Amino acid sequence: MRICIFGAGAIGGFIAAYMARAGIDVSIVARGSHLAAIRARGLTVETRDETFTVQVRASEDPADLGVQDGVFVTVKAPSLPSVAGLIGPLLAPDTPVTFLTNGVPWWYFHGHGGAWDGRRLPTLDPGDVLWSAIGPRRLVGGIAWPASSVPQPGVVRLTDPRSRPTILGAPDGSISPGAVLLQQALERAGLPVQVETRIRDRIWEKLAFNLSAGPLCVLTETPVRSTHEEPVLIEASRRVLAETAELIAALGCQAEIDVERIVGINMHLGHRPSVLQDLQASRPMEIDALYNVPLQLAALTGVRMPTLEMLAALIRVKARALGL
Ligand SMILES: NC(=O)C1=CN([C@@H]2O[C@H](COP(=O)(O)OP(=O)(O)OC[C@H]3O[C@@H](n4cnc5c(N)ncnc54)[C@H](OP(=O)(O)O)[C@@H]3O)[C@@H](O)[C@H]2O)C=CC1
Ligand SMILES: CC(C)(CO)C(=O)C(=O)O
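Here the structure is a predicted model, which is why all the values come from computation and not from measurement.

## A few points about the site of ligand 2
Okay, so step 1: In the vicinity of ligand 2, the residues found are Asn102, Trp145, Ala147, Phe209, Asn210, His271, Pro273, Ser274 and Val275.
Okay, so step 2: Of all the elements in the fold, those that place two or more residues in the shell around ligand 2 are helix H6 (199-220) and helix H10 (274-280).
Okay, so step 3: Across the shell around ligand 2, the residue classes tally to five nonpolar, four polar and no charged.

Shown next as structure tokens:
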């Protein structure tokens, strides 16, 4: 089984390393100092329980890696249009591609059914470049949960890669052969995975979690639990979650949003969300996928999200002021 991880940073890096260790023919698309370090010293994973290093084929040019049986795209959302122009050489006609990204995915309305079926999201896929290069047919929706980071080039750090399963699911709700192939690859690597028929419900569960504290972390530049030291900010988090639950229902999804459970988790979470990691590394943040597009969907469905609107506006101002 030939698997390529496109953008093997915090999330893709640990997946690639576990696959390589399990003997899967895995290669990665990486770039810059991270690629140089992986080539020179291998790809290292540090978890609570172990540290290990694997040698893995890596290139910034997918043409060096050839046609694959399956592809995991794990770049940040602002990098996705760059993937469209590069991914072609990895794809046979049936190669499944999953996008393990936070936020609303660019393909959200593909296979949705109903009045919005096939609607495009130009904010996430300007000029339909992903839609045209990858095509919705081979798509598998995906969600990753483990809190992870790249503390230095060539090194991925996370507490527990098995903390929560990766979720995969075809946009049309079928158990597609592509989803099953990608599931098998993760299982062989010893990573927990579930294939779901209602992928959008799971996307919203994850996004609600990201929305509960991510904006507060970006604005305060502190880890999740620090934002929950102030009762008024916990209240803001509760309001964002209530607004998100309303949007989820208006979109016809059935995600379970247990506000007090999420608040309870956040109280103890020392993680800096990946959106904050981007801010602090002066990288573009996933503002569109995480905040702006949910607000567009709120406008589409007539749902009011004043708290998220305010937080998103403050973040946009901050991003512009910092040139991000
Ligand atoms: N980190 C976390 O804790 C979690 C993250 N997520 C989500 O997972 C997704 C991936 O995040 P994460 O792994 O943290 O991101 P990272 O930035 O750590 O990894 C993405 C990698 O892709 C590389 N990349 C981007 N474009 C290209 C390209 N065209 N060619 C080659 N390499 C490229 C980046 O390089 P460069 O740095 O040069 O841009 C980077 O090394 C995001 O949507 C995030 O929100 C989900 C759960 C938890
Ligand atoms: C908060 C977390 C780890 C949730 O899994 C996440 O998605 C992120 O850091 O972006």
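## So, helix H12 (residues 306-321)
Okay, so step 1: Over its 16 residues, H12 runs 23 Å from end to end, which matches the ideal 22 Å to within 8%, given 1.5 Å per residue.
Okay, so step 2: Every buried residue belonging to H12 is among Thr307, Leu308, Leu311, Ala312 and Ile315, and all of these are buried. All buried residues of H12 fall inside an arc of 120° around its axis, so they share one side. Those residues of H12 that are exposed and aimed more than 90 degrees away from the buried face are Pro306, Ala313, Val317, Arg320 and Ala321.
Okay, so step 3: Close packing links the buried residues of H12 with H6, helix H8 (231-250) and helix H11 (287-301).
Okay, so step 4: One or two residues past the end of H12 sits glycine 323, with phi positive at roughly 70°.

## Digging into the confidence of the model for the protein chain
Okay, so step 1: The pLDDT averaged across the protein chain works out to 97; a share of 100% of its residues lies at or above 70.
Okay, so step 2: Our summary of model confidence lists the complex with pTM equal to 0.97 and ipTM equal to 0.98.

## Thoughts on the site of ligand 1
Okay, so step 1: In the vicinity of ligand 1, 30 residues are found, and the nearest of them are Gly7, Gly9, Ala10, Thr101 and Asn102.
Okay, so step 2: Looking at the shell around ligand 1, the elements with two or more residues in it are helix H1 (10-21), helix H2 (32-41), helix H3 (80-84) and strand S9 (148-152).
Okay, so step 3: Class assignment of the residues belonging to the shell around ligand 1 gives a composition of 13 nonpolar, 13 polar and four charged.

## Quick look at the sheet that holds strand S2 (residues 25-29)
Okay, so step 1: Spatially, S5-S2-S1-S6-S7-S8-S11-S12 is the arrangement adopted by the eight strands of the open sheet, whose pairing is mixed. At either end of the open sheet lies a strand with only one pairing partner, and these are strand S5 (57-59) and strand S12 (193-195). Across the sheet, the axes of successive neighbouring strands diverge by a mean angle of 20°, strand direction being ignored.
Okay, so step 2: Two strands pair when backbone bridges link them, and strand S6 (residues 70-73) and strand S7 (residues 97-100) are joined in this way by three bridges, in the parallel orientation. Note on S7: the bridge partner recorded for phenylalanine 72 is threonine 98.
Okay, so step 3: Sitting on the sheet, H6 touches strand S8 (139-143) and strand S11 (166-169), and the angle it makes with S8 is about 30°.

Rules of the game
- Residues numbered from 1 in each chain as written.
- Chains lettered and ligands numbered in written order.
- Predicted model: local features only at pLDDT ≥ 70, side-chain atom pairs only at ≥ 80, totals over all residues.
- Near = placed C-beta within 6 Å.
- Helix = DSSP H or I, 4+ residues; strand = E, 2+ residues; numbered from the N terminus.
- Nonpolar A, V, L, I, M, F, W, Y, C, P; charged D, E, K, R; others polar.
- Expected span 1.5 Å × (residues − 1).
- Buried ≥ 20, exposed ≤ 12 C-beta atoms within 10 Å, placed from the backbone.
- Arc of directions from axis to C-beta.
- Contact = placed C-beta atoms within 7 Å.
- pLDDT = per-residue confidence, 0-100.
- Pairing = 2+ DSSP bridges.
- Axes fitted to C-alpha atoms, helices over the stretch in contact; angles between N-to-C directions.

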